[in-house]
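Descriptive structure summary
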Amino acid sequence: MKNKNGITLIALIITIIVLLILAGVALNTIMGESSIFSTSESSVEEYNKSQVKEKIELSINEKMLEKGGTVSIEEIIDKLIEKGITSEENSDKEIGFVITEDGYIVTIEDKGNGAYEVKVENKGNAPIMLSTSIEPKILTNKVTINIKGYLYGEGIKEIILPNGEKKEYNAGTNRIEETYEVTKNGKYKITLEGNDGQKVEKKVEISNIVEGEITINPSTTDWTKDNIEVEVIYPEGTEELIREISIDGGNTWKKYEGAVIIEENTTVKARLQNEMGEIKTATLEITKIDKTEPIVTAKASNVTITAGESNEISSYFEINSNGNAPITKTEYSIANTNELGEGTHTITCTVTKANGLTASASFIIEVKVIEYAKIEYTTPGTYTWTVPEGVTKIKITVAGAGGGGRRK
């Protein structure tokens, strides 16, 4: 009997343990992560979200029937506000974002051709959003990045622009708009942070900026008596843009189709234009065309000098460059009259300008030898002689027992 009761007690204990285990399993099934309650809550949440989505889709259809065709996101959200599904302060008509009156986060996207996609997220913090666009999208010299940020609820804390500049916002700022200008192609990072710790980054790639400069190449940069040919080199990849040239300082323009002949000094301009206007220009000043010869004039046609007389030949000529190009060379047939012997001589001056043009002039120099009047004194003594008017040179010769000497 005793043994029998002992066995009965053990069996009872085992039974109790088994029951406790089964109870724990049942409790976990009801209360755990994959419990009946959890599954039930999830199902209820999904059902509620589906109801919100259905309400919004019905509102869209109502609005389309009212209008008799497609509608804008702005018109849809106005309808949702009208029906009390959302409010003005909890909606953004530009991006199709609403927070419903019962706290669900919804985005509405226009898919085109009268189709709209409605996405309903769980209740909670609204997501931080960052959108960008660029202007213009055609080839240009400068691009503006338009930046828009949204965070409903806690609001936006700050934005970090591509150059590292930080801009902070006042509490309660739910949406921001900024612009950022760039002049070089590349990737530009923008970071947006909310007061709730959410952060979003976006890289904007710019590839429509015309890089490089317009170059105007003249056939010569030296002084010239000839026309100059100018060629314009435009940056690569700009074939679709408007290429123009002006040879009158920008007063009139014509399409650039190849090298242009320049006949006189002027200002040459070249430019690139897109449909919005001018994006790049270049300028070249043409100042070294001079088609005139220098002028050389002899001051007299005939000059008479005494043999041995010293005069610079340059003093007999007048020289004028006759234009902007300077005189680079002046040549005389002789440098000084003291180089000339008795007789008639043609003296020439030749002048050359930097443009290569030359001019010459000549005159006649007659060189005469002085004939002296001879007076002799043959006996010793003191003699007085008066120099006749007009005489500039005298010659004195003294001869005696010791030899002779001469003075002028």
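Residues numbered from 1 in each chain as written. Predicted model: local features only at pLDDT ≥ 70, side-chain atom pairs only at ≥ 80, totals over all residues. Heavy atoms only, no water.

**Concerning the overall build of the chain**
Which entries qualify depends on this criterion: Working definition: helices are DSSP H or I runs of at least four residues, strands are E runs of at least two. Numbering for both runs from the N terminus. Three exposure classes are used, based on accessible area relative to the maximum for each residue type with a 1.4 Å probe and protein chains only: buried under 20%, partly exposed in between, and exposed over 50%. Every residue pair with non-hydrogen atoms within 4.5 Å of one another is taken to be in contact. For accessible areas, the Shrake-Rupley method is used with a probe of radius 1.4 Å. Any residue's cover is judged against the shown protein chains and nothing else.
Counting secondary structure elements, the chain contains 3 helices and 26 strands. Taken over 408 residues, the chain has a buried fraction of 31%. Nonlocal contacts in the chain, meaning residues at least 24 apart in sequence, comprise 51% of its contacts between residues at least 6 apart. A total of about 25,700 Å² of accessible surface is found on the chain, and carbon and sulfur atoms cover 48% of it.

**Quick notes on the sheet that holds strand β18 (residues 277-286)**
Going by this rule: Strands pair, by our definition, only if DSSP identifies at least two bridges between them.
Pairing within the open sheet is antiparallel, and its 4 strands lie in the order β15-β14-β17-β18. Across the chains shown, the open sheet's two edge strands, defined by having one partner strand only, are β15 (254-255) and β18. Two strands pair when backbone bridges link them, and strand β14 (residues 242-246) and β15 are joined in this way by 2 bridges, in the antiparallel orientation. From the neighbouring strand, I245 faces β15, where its bridge partner is K254.

**A word on the packing of aromatic side chains**
The condition that has to hold: Any two rings among Phe, Tyr and Trp, with Trp reduced to its six-membered ring, count as a pair given centres within 6.5 Å; such a pair is stacked if its planes are under 30 degrees apart, edge-to-face if over 60, and tilted if neither. Charge over a ring is defined by NZ of Lys or CZ of Arg lying within 6 Å of the ring centre and within 35 degrees of the ring normal.
Under the definition given, this model contains 6 aromatic pairs. Ring geometry for F317 and F363: centres 5.4 Å apart, planes at 70 degrees, overall edge-to-face. Taken together, the positions of F317 in strand β21 (residues 317-320) and F363 in strand β24 (residues 358-368) put the pair 46 residues apart, joining distant regions of the chain. Accessibility classification places F317 together with F363 in one group, the buried group. Cluster of aromatic residues (ring-pair linked, three or more members): Y316, F317, Y332 and F363. Between R271 and the ring centre of W253, over which it is positioned, the NZ or CZ distance is 3.9 Å.

**Here we look at the sheet that holds strand β2 (residues 97-99)**
With respect to topology, 4 strands assemble into an open sheet ordered β1-β2-β3-β4, the strand pairing being antiparallel. In this open sheet, the two strands that pair with only one neighbour each are β1 (91-92) and β4 (115-121).

**Describing the confidence of the model for the chain**
The predicted coordinates should not be examined in detail at positions where pLDDT is low. Here is the rule: The pLDDT score gives, residue by residue, the confidence of the prediction method on a 0 to 100 scale.
Summarising the model, the chain shows a mean pLDDT of 87, and 87% of its residues fall at 70 or more. Low confidence marks residues 403-408, where pLDDT is under 50. Its contacts with residues over four positions away, or in another chain, come to 14 contacts.

**Quick word on unusual backbone geometry**
The linkage connecting E135 with the following residue, P136, adopts the cis geometry, with an omega of -15 degrees. Positive phi outside glycine occurs at N113, with the angle close to 55 degrees. Here N113 lies in the loop between β3 (105-112) and β4. Phi at N322 takes a positive value of approximately 55 degrees, unusual for a residue other than glycine. Along the chain, the position of N322 falls in the loop between β21 and β22 (327-332).

**Quick word on the environment of Y116**
In plain terms, the rule: A 3.5 Å cut-off defines polar contacts: any pair of N or O atoms within that distance qualifies, except that in protein one atom must be a possible hydrogen donor and the other a possible acceptor, and neighbouring residues in sequence count only when both atoms are side-chain atoms.
Residue placement: Y116 occurs in strand β4. Placed 45 residues apart in sequence, Y116 and V71 show a C-alpha to C-alpha distance of 9.8 Å. At a separation of 2.4 Å, a polar atom in the side chain of Y116 contacts the main-chain carbonyl oxygen of V71.

**A look at a nonpolar patch on the surface**
Inclusion rule: Patch membership needs two things, relative accessible area over 30% and no salt bridge, and members are linked within 9 Å if like-charged or within 5 Å if nonpolar (Val, Leu, Ile, Met, Phe, Trp, Tyr). What makes a salt bridge here is a side-chain nitrogen of Lys or Arg within 4 Å of a carboxyl oxygen of Asp or Glu, nothing more.
Judged by side-chain polarity, I375, Y377, Y383, W385 and V387 come together as a nonpolar surface patch covering roughly 490 Å² of accessible area. Mapped onto the secondary structure, W385 falls in the loop between β24 and β25 (396-400). With a relative accessible area of 41%, W385 lands in the partly exposed category.

**Things to note about helix α3 (residues 73-82)**
To keep it simple, the criterion reads: By arc we mean the arc of the directions from the helix axis to the C-beta atoms, nothing more.
All buried positions along α3 are accounted for by I73, I76, I77, K79 and L80. Taken around the axis of α3, the buried residues stretch over an arc of 155 degrees, which confines them to a single face.

**Overview of the pairing of strand β13 (residues 228-233)**
Of the two faces of β13, only the one carrying I228, V230 and V232 is buried; E229, E231 and I233 on the other face are not. Sheet topology note: the strand β12 (residues 215-218)/β13 ladder contains 4 bridges and is antiparallel. For N217, the partnering residue across the bridge sits in β13 and is E231. Summarising the sheet, β13 and strand β16 (residues 260-262) pair through 3 bridges and their orientation is antiparallel. Looking at β16, one finds that V230 is bridged to V260.

**What about the side chain of N208?**
Residue position: N208 is located in the loop between β11 (199-206) and β12. Here the side chain of N208 touches P136 through a polar contact of 2.9 Å, landing on its backbone oxygen. Engagement of the side chain of N208 in a polar contact is seen with the backbone oxygen of K137, the distance being 3.4 Å. For N208, the contacting residues outside a window of four places in its chain are I134, P136, K137, I138, L139, T140, V143 and N185.

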